[in-house]
Each structure stands twice: as C-alpha cells, then as structure tokens.
Amino acid sequence: MNMSCNKMDFGKLSILYVISIYKVGDGASSSVNMQINDNVKHDYLVVAKWLYSSEEGLNIMEFNKHKLEEELKNHRYDIIHYVKGTNSDILIKVLQVVHKLGQHIPVLTTVCQNPDYSYLLLSPYELHHSSHFVFIDKASYNTPIISFIPQECKSQIYLISDKMEKMTRGLVYQNRNDGRIIFGRGSTLSKCPKDMFEVFDKIDCPGKEFHIVGVAKNDNWVAEEAKKRSNVVMHGFLPYNQWFEVCKTFDIFLYQLPVYCHASIDGTLGLAMSMNIPVVYYGCEAPKERFENGKNGFVAETKEDIIKYANLLASDFELRKKIGEAGRNSISKKIGTSETRIQKYIIAYQRCIETPNKSFKVPIRYYWLYLKRAWKRVLREITGIYPRPQI
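Quantities reported herein were computed from a predicted structural model and do not represent experimental measurements.

*Asks:* So what exactly am I meant to see when it comes to the overall build of the protein chain here?
*Replies:* When its secondary structure is counted, the protein chain shows 15 helices and 13 strands. Relative to its length of 391 residues, the protein chain is compact, with a C-alpha radius of gyration of 22 Å against a globular reference of 21 Å. Sorting the 391 residues of the protein chain into buried and exposed places 55% on the buried side. In the protein chain, 72% of the contacts between residues at least 6 apart in sequence involve partners at least 24 apart. For the protein chain, the accessible area works out to roughly 18,100 Å², and carbon and sulfur atoms hold 52% of it. Mean positive and mean negative side-chain charge positions of the protein chain (52 and 42 charges, respectively) differ by 4 Å.

*Asks:* In this structure, what is going on with helix α13 (residues 338-354)? I would like to understand it.
*Replies:* For an α-helix the count is 3.6 residues per turn, leaving residues at separations of three or four pointing the same way. The terminal C-alpha atoms of α13, which comprises 17 residues, lie 24 Å apart, in line with the 24 Å expected from a rise of 1.5 Å per residue. Buried within α13 are the following residues: Ser-338, Arg-341, Ile-342, Tyr-345, Ile-346, Ala-348, Tyr-349, Cys-352 and Ile-353. Seen end-on, α13 carries its buried residues on one side only, within an arc spanning 170°. Elements that come into contact with the buried residues of α13 comprise β1 (14-22), α1 (27-38), β4 (79-84), β5 (107-111), β6 (132-135) and β7 (154-156).

*Asks:* Looking at this model, I keep getting lost on the layout of surface pockets. Mind explaining?
*Replies:* Any space left empty among the atoms is revealed by the rolling of a water-sized probe across them. Quantified by volume, the second largest pocket comes out at close to 260 Å³. A total of 3 residues in the lining of the second largest pocket trace back to one element, the largest contributor, which is helix α3 (residues 90-100).

*Asks:* How should the packing of aromatic side chains be read in this particular structure?
*Replies:* Aromatic ring pairs are reported here in terms of the distance separating the ring centres and the angle at which the planes meet. Taken as a whole and judged by the stated rule, the model has 16 aromatic pairs. Geometrically, the ring pair formed by Phe-183 and Phe-200 is edge-to-face, given 6.1 Å between the ring centres and 75° between the ring planes. Of this pair, Phe-183 sits in strand β8 (residues 181-186) while Phe-200 sits in helix α7 (residues 196-201), and the two are 17 residues apart along the sequence. An identical accessibility class is assigned to Phe-183 and Phe-200; each is buried. Centroid distance Tyr-345 to Tyr-349: 5.7 Å. Interplanar angle 35°. Geometry classified as tilted. Taken together, the residues Tyr-345 and Tyr-349, both in helix α13 and 4 residues apart, mark about one turn of the helix. Tyr-349 matches Tyr-345 in its accessibility class, with the two residues each being buried. Following the ring pairs from residue to residue traces out a cluster consisting of Trp-243, Phe-250, Phe-253, Tyr-255, Tyr-281 and Phe-291. Lys-154 extends its terminal NZ or CZ atom over the ring of Tyr-141, reaching a point 4.7 Å from the ring centre. A cation over a ring is seen here: Arg-388 above Tyr-52, with NZ or CZ 4.8 Å from the ring centre.

*Asks:* I keep staring at the sheet that holds strand β9 (residues 208-213) and nothing clicks. Help me out?
*Replies:* The strands making up a sheet are joined through hydrogen bonds of the backbone, oriented either antiparallel or parallel. Reading across from one edge, β10-β9-β8-β11-β12-β13 is the order of the 6 strands in this open sheet, with parallel pairing throughout. The sheet is open, and its two borders are formed by β10 (232-236) and β13 (298-299), each paired with just one other strand. Pairing analysis gives 4 bridges linking β9 to β10, with the strands arranged parallel. If you follow Phe-210 over to β10, its bridge partner there is Val-232. Lying on the sheet, helix α10 (residues 267-274) is in contact with β8, β11 (252-256) and β12 (279-282); it crosses β11 at an angle near 160°.

*Asks:* How do you make sense of unusual backbone geometry when you look at a structure like this?
*Replies:* Most of the time, phi is negative for any residue but glycine, and the peptide bond is trans. For Gln-113, which is not glycine, the phi torsion reads 80° and is therefore positive. Position of Gln-113 among the secondary structure elements: in the loop between β5 and α4 (124-129). Within the chain, Asn-276 stands out as a residue other than glycine whose phi angle is a positive 65°.

Rules and cut-offs
Along each chain, residues carry numbers from 1 onward, in the same order as the chain's sequence is written. Confidence filtering applies because this is a predicted model: local features only for residues at pLDDT of at least 70, side-chain atom pairs given and counted only at 80 or more, and all residues used for totals across whole chains, interfaces and linings. Calculated side-chain values reflect all of the structure's heavy atoms, with hydrogen atoms and water omitted. Counting from the N terminus, the helices are DSSP H or I runs at least four residues long and the strands are E runs at least two residues long. The globule rule used for comparison is 2.2 Å times the number of residues to the exponent 0.38, while the radius of gyration itself is calculated over C-alpha atoms. Only protein chains enter the accessibility calculation, which uses a 1.4 Å probe. A residue is then buried if its area is under 20% of the maximum for its type, exposed if over 50%, and partly exposed in between. Note on contacts: a residue pair qualifies if any of its non-hydrogen atoms lie within 4.5 Å across the two residues. Every accessible area reported is derived by Shrake-Rupley at a probe size of 1.4 Å, with residue values counting cover from the shown protein chains alone. Charged residues are defined narrowly, with Lys and Arg counted positive, Asp and Glu counted negative, and His plus the chain ends left uncounted. We put the charge of a Lys on NZ, of an Arg on CZ, of an Asp on CG and of a Glu on CD. To estimate how far a helix should extend, the number of its residues minus one is multiplied by 1.5 Å. The arc in question is formed by the directions pointing from the helix axis toward the C-beta atoms. Of the grid points, spaced at 1 Å and generated over the protein atoms alone, those admitting a 1.4 Å probe that cannot get out make up cavities, while open sets with protein on both sides within 12 Å along at least five of seven lines make up pockets; any residue with an atom within 4 Å of a point is treated as lining. Grid points are joined across faces, edges and corners, and a volume is the space filled by probe spheres set on the points. The aromatic pairing rule takes the rings of Phe, Tyr and Trp, using the six-membered ring of Trp, and pairs them if the centres are within 6.5 Å, calling planes under 30 degrees apart stacked, those over 60 edge-to-face and the rest tilted. Ring-over charges, as used throughout, are those where CZ of Arg or NZ of Lys falls within 6 Å of the ring centre and within 35 degrees of the ring normal. Any two strands with at least two DSSP-identified bridges between them are counted as paired. Axis angles are defined between N-to-C directions and span 0 to 180 degrees, where every axis is a line fitted to C-alpha atoms and, for a helix, only to the segment in contact.

Structure follows, in structure tokens:
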C-alpha cells in the first residue's frame, strides 16, 4: 500500500478495477465508469478479461500478464475493486500476478445483481480472496444464501448515477391529444416474461400501444408475437441518447418481469421515473425497493393487478401526472445521491484495507450448493477454458 492505514487518505486511493467484460452500455461496465467519474480524486486502472469498447480517455487494458506485471512493478495499488458480472477467471489471473510479485492487495467485491441467481453465485475462490463485499440492493444484501458473511464484511450500496436526474431536469409530463396511450418497457430478452403480451391484450384501453426497447426486431419470440399485433412497436437496441428520446414518449411504463430473475433496482426503471412517467411494476423483489405502492408507482402482486393498475392510469391523466411526479421526487429519498454512494464506498474501502483478513468461514453446505448449481463453472475453473463471449 502507498502509506500506512492510519495516515491513508481514503478519499484518494489507487484502485485497480477488475471486470470480466468491459463494453460501453453494459450494466457492470457502466457501474465501473460511474464510480470512476464520481471519484475523480482516485488514481485507477481498469483490467478487463475481454475488452470490447470503452469510453474515450478511460484508463483500461485487456488482461495481459506481462503488461500487468510491469504496471504493478511501477505503480502500487491500495485496493482491488472486483466488479462481478459475467463469470470468468479474471480475478484468479490478476491475483496470480499480484502474488507472484510478492504483493498483497486487499480485494473488495461488488456483486452486480442478486447473488442467488445461478450465474452470479459467489465462487469459493471469490469468497476466500475478498475482504469485503458490496451488494447493490437490499434484496441481494439480505438473501439467505450469503447470510454466513458477517455484517462487518459486507455493505449495501445502490449503484445509481445522478446523471439521469440531471438529464431529465425540467421535463414536464404532457397529456397526449391524439387518443393514444403508449405503454412502454425497456429490457433485454431474458427479462421478458412469456405472458407479457397476454397481459397487455387484456388492458381495456382503445388507443393503447405497446413500445418495446432492448429486444432485437427479428429472430426471437417477442418479435414474432409483436408481428401478430398492429399496436406493438419494436424499437430494437438503441444507443442511450435514442433510448432517452423514445422513453420520453411513453405515457405509462409497464414493467413486467419474471418473478425470478437477476434484475436489481434497475436503471431502466429509474429513467422512466426520472421523466415523471408513472410505473406499473410486477416481478422480482429488488425493483420494489423503489416504490410505496399507490403513492409513487404501482406494485402488482398478480397479473390481474397489472391490468387493474394499467386501466386505472390509462383512464386518468391527473393520476398519471401525480404518480409520475411522486416517482421522480422519491428517487433521492429511496435510493440516495451520488454523494451518499461515494461516502459509503469510502467506508467500505476503509474496512477492506484496514481489516484485509476477514473473519469468517464458508460453510460446507455452500460448497455442495455451488457444486450442484454451478457445475459448468466448476468445469471451467478446473480447465481454465473460458470462451470469449459473442456480444
């Protein structure tokens, strides 16, 4: 480390960010970029196993053992910040280089989305070599599967940028005068439940349209179902600025997700709320942390509730406006600000650096569970073969 812990300025650290995939627009990549932009006082380097694209000026490299060795010889890092998204052996490879040089750098691991979701299970290696863990919503922090991690070794920090609030400042929710009500959603194909069109079809609104962003326009079941309906518009994949403009046209954000999926509190949902667009939500637990049902949005517990709340909002502009404005106003209260997030990360870094030797054991039952649910990953860990993802 650069200095002794009792003299260290935790607001100015040298941070080695480690990530499997770095690609502009990817959720885990965006969280790394957001933290770098939030913490401009920190020195940093991002090391990605697979580098597809990056923002201009970002200090990043695709993993190369010899280049990383030279970097670590010439620059001492206070902490490794491992951002766990797509599974790979990147943490293993980085730590092998660190240990070869006789260095000991504590590891803080941020788990993107729910650690109970199959491909986000923390591996025994990750558990043994991380000194502190950050979970990005309350549902993840409290999930029983990682309850053996003691409170002092984990934190809950929402990874939401203030960028959306600034970009949407001054937007006014308008009443449409063309007789249409646009229900919109934005998500990947994996977050589209099989019955979402059936639910939409049952909404009693003559001028309804369903606009879908984030799913390819061809060669998938959503596109095929959309073609059967004249009131469904597929926008495909959009750059952020175009997604921003399309989202502004929505009257109601109809966000139905599978009950069991890997969604966190969801930046897509946050953009709609920042734009004063009322939300009807149904699905897994983490996004519910944004809402007080009936006050700043509607949380449906059944498919019938989705239809009921959609009909209620579609028929009443003043209610849509009221719920939408309450949604926007609740973001900083529910989720916090960038200043809150920065301070929480500083505390997490301090805990990680000052107590690098964690004081807990991984129970035997977790090893069995990991072997049962992640056996394909175990094979990759044994063979060291991780095919480059096709993105």
